[in-house]
Amino acid sequence: MASENVVGKNTGESAVTTIVNLAAEEAKLAREGVKAPGHAILSICKSLVAGGVAGGVSRTAVAPLERLKILLQVQNPHSIQYNGTIQGLKYIWKSEGFRGLFKGNGTNCARIIPNSAVKFFSYEQASSGILWLYRRHSGKDAQLTPVLRLGAGACAGIIAMSATYPMDMVRGRITVQTEKSPYQYRGMFHALRTVYCEEGFRALYKGWLPSVIGVIPYVGLNFAVYESLKDWLIKTNPYGLVEDSELSIVTRLGCGAVAGTVGQTVAYPLDVIRRRMQMVGWKDAASIVTGHGRSKAPLEYNGMVDAFRKTVRNEGFGALYKGLVPNSVKVVPSIAIAFVTYEVVKDVLGVEMRISD
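Residues numbered from 1 in each chain as written. Predicted model: local features only at pLDDT ≥ 70, side-chain atom pairs only at ≥ 80, totals over all residues. Heavy atoms only, no water.

A. Here's a closer look at the overall build of the chain. The helix and strand tally for the chain stands at twelve helices and two strands. Order of helices (α) and strands (β) in the chain, N terminus to C terminus: α-α-α-α-α-α-α-α-α-β-β-α-α-α. Considering the chain as a whole, with its 357 residues, one finds that 50% of them fall into the buried category. Accessible surface, the chain: about 17000 Å² in total, of which carbon and sulfur atoms supply 64%. (Helix = DSSP H or I, 4+ residues; strand = E, 2+ residues; numbered from the N terminus. Buried < 20%, exposed > 50% of the residue type's maximum accessible area, 1.4 Å probe, protein only. Areas by Shrake-Rupley, 256 points an atom, 1.4 Å probe, with all protein chains shown as cover.)

B. Quick peek at the pattern of salt bridges. Under the counting rule described, the total for this entry stands at 19 salt bridges. As a salt-bridge pair, Arg 149 and Asp 231 come within 2.3 Å of each other at their nearest N and O atoms. Of this pair, Arg 149 sits in helix α7 (residues 146-176) while Asp 231 sits in helix α9 (residues 208-236), placing them 82 residues apart in sequence. Given the relative accessible area of 8%, Arg 149 is considered buried. Two residues, Asp 271 and Arg 274, come together in a salt bridge whose shortest N-O distance is 2.7 Å. Placement of both Asp 271 and Arg 274 in helix α10 (residues 249-279) is noted, with a separation of three residues, approximately one turn of the helix. Note on Asp 271: relative accessible area 12%, which makes it buried. (Salt bridge = Lys/Arg side-chain N within 4 Å of Asp/Glu carboxyl O.)

C. How the structure looks around empty space enclosed by the protein. Considering all chains together, one arrives at three cavities of 30 Å³ or more under this definition. Estimated volume of the largest cavity: approximately 560 Å³. The wall of the largest cavity is formed by 38 residues, among which Arg 59, Val 215, Tyr 218, Val 219 and Arg 274 lie closest to the centre. Contributing elements (two or more residues each) for the lining of the largest cavity: α2 (39-61), α3 (63-74), α6 (105-138), α7, α9, α10 and α12 (324-349). Sort the elements by how many residues they give to the lining of the largest cavity and α9 lands first, with eight residues. Among the residues forming the lining of the largest cavity, the class breakdown is 16 nonpolar, eleven polar and eleven charged. (1 Å grid on protein atoms, 1.4 Å probe; cavity = no way out; pocket = protein on both sides within 12 Å on 5 of 7 lines; lining within 4 Å. Points joined across faces, edges and corners; volume = space filled by probe spheres on them. Nonpolar A, V, L, I, M, F, W, Y, C, P; charged D, E, K, R; others polar.)

D. A look at the side chain of Asn 105. Among the structural elements, Asn 105 can be located in helix α6. For Asn 105, a relative accessible area of 13% gives the class buried. Those residues within four positions of Asn 105 in sequence are excluded, and the remaining contacts are Arg 59, Thr 60 and Ala 63. (Contact = heavy atoms within 4.5 Å.)

E. Region of interest: the nonpolar core. By size, the foremost hydrophobic cluster in this structure holds 40 residues, and its most contacted members are Phe 120, Val 170, Val 195, Tyr 218, Phe 223, Tyr 226 and Phe 339. Of all elements in the fold, only α2, α6, α7, α8 (188-199), α9, α10 and α12 reach the threshold of two or more residues within this core. Counting residues per element, this core draws most heavily on α7, which supplies eight residues. Once residues within four sequence positions are removed from consideration, Val 170 is found in contact with Met 188, Ala 191, Leu 192, Val 195 and Leu 204. (Core = buried A, V, L, I, M, F, W, Y, C linked by side-chain atoms within 4.5 Å.)

F. Geometry of a nonpolar patch on the surface. A cluster of nonpolar side chains, Trp 208, Leu 209 and Ile 213, forms an exposed patch at the surface whose accessible area comes to about 250 Å². Along the chain, Ile 213 falls in helix α9. (Patch = residues over 30% accessible without salt bridge, like charges linked within 9 Å, V, L, I, M, F, W, Y side chains within 5 Å.)

G. Expanded view of α3. Between the first and last C-alpha of α3 there are 17 Å, a value that for twelve residues agrees with the 16 Å anticipated at 1.5 Å per step. For α3, the buried fraction is high: twelve of the twelve residues fall into the buried class. The complete set of buried residues in α3 reads Ala 63, Pro 64, Leu 65, Glu 66, Arg 67, Leu 68, Lys 69, Ile 70, Leu 71, Leu 72, Gln 73 and Val 74. (Expected span 1.5 Å × (residues − 1).)

H. The arrangement of the environment of Leu 349 in detail. With respect to the element layout, Leu 349 can be found in helix α12. Between the C-alpha atoms of Leu 349 and Lys 46, which are 303 residues apart in sequence, the distance is 6.6 Å.

By themselves, these figures tell us nothing about what the structure is for.
Here is the structure:
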């Protein structure tokens, strides 16, 4: 795990350095009146780097809460160890130490960096495409509406989730394993190889359907609420929040917090179900995953609907919102930091905003 983190860090720093150097060269050529070669490719690279940095920074900042959320979602109700946000964090600290709070974060960042890069880039491309089609169909110079932004965000979420889902699946398993787990995944690549060899290729996509269904309102609402709220604030300027046609970082963080709260509340039950479906088939998860009736044997789900039915029947409707509190505490700053970091890094790299052109 440590070696993967070091490799990931070095690779990330190398990529950022390369992009910054390319941006400097492009700026030099622009000052000399020469059009830089491969401008479109360079712009795409900068946008992807900005999205990747935003994802890595935001997830690392809330890694302890992310791990606790997953542990609460899948823990056996007959052997409860994590009972609330504060108690859960204290228990992890006491039983596993400081490193336990960040267990799985290396794998999480290895997943979220490409996921975030693809998501933000896909949103910009989808927004431009949807706006172009809307203008062509309506025959007028329209702007993006909240509904169009929702559609663009949903497209971006589906693309990003599908592209990186196997990493998300094994990240969930690595996150819930403890020092007492009978089998230890040594890292993301070891987990991917083990799951593939022992459970088959399809196992890498367990829980994909509820994930995709959940990502439509989650990512869609995140982008729609954030962008629409920003536009509204800039146009109305309540309480003098706008300076030189721009919102401050604090105000943008607030917009991101509102967007994250709305999106995660709507999509959270689907997140619980996908985590439970990801645990199915893992022979060493019996002490973690919820059991039938009073048994501690892991449940077998025949699909998303069956998982919903068995979860509600055995544990009640409230089980669909297990871990909501730490997730709420996590997702509000996480989404806010991601949006603002993305915009700041894009400004630093000199990426043009083309969504509403």
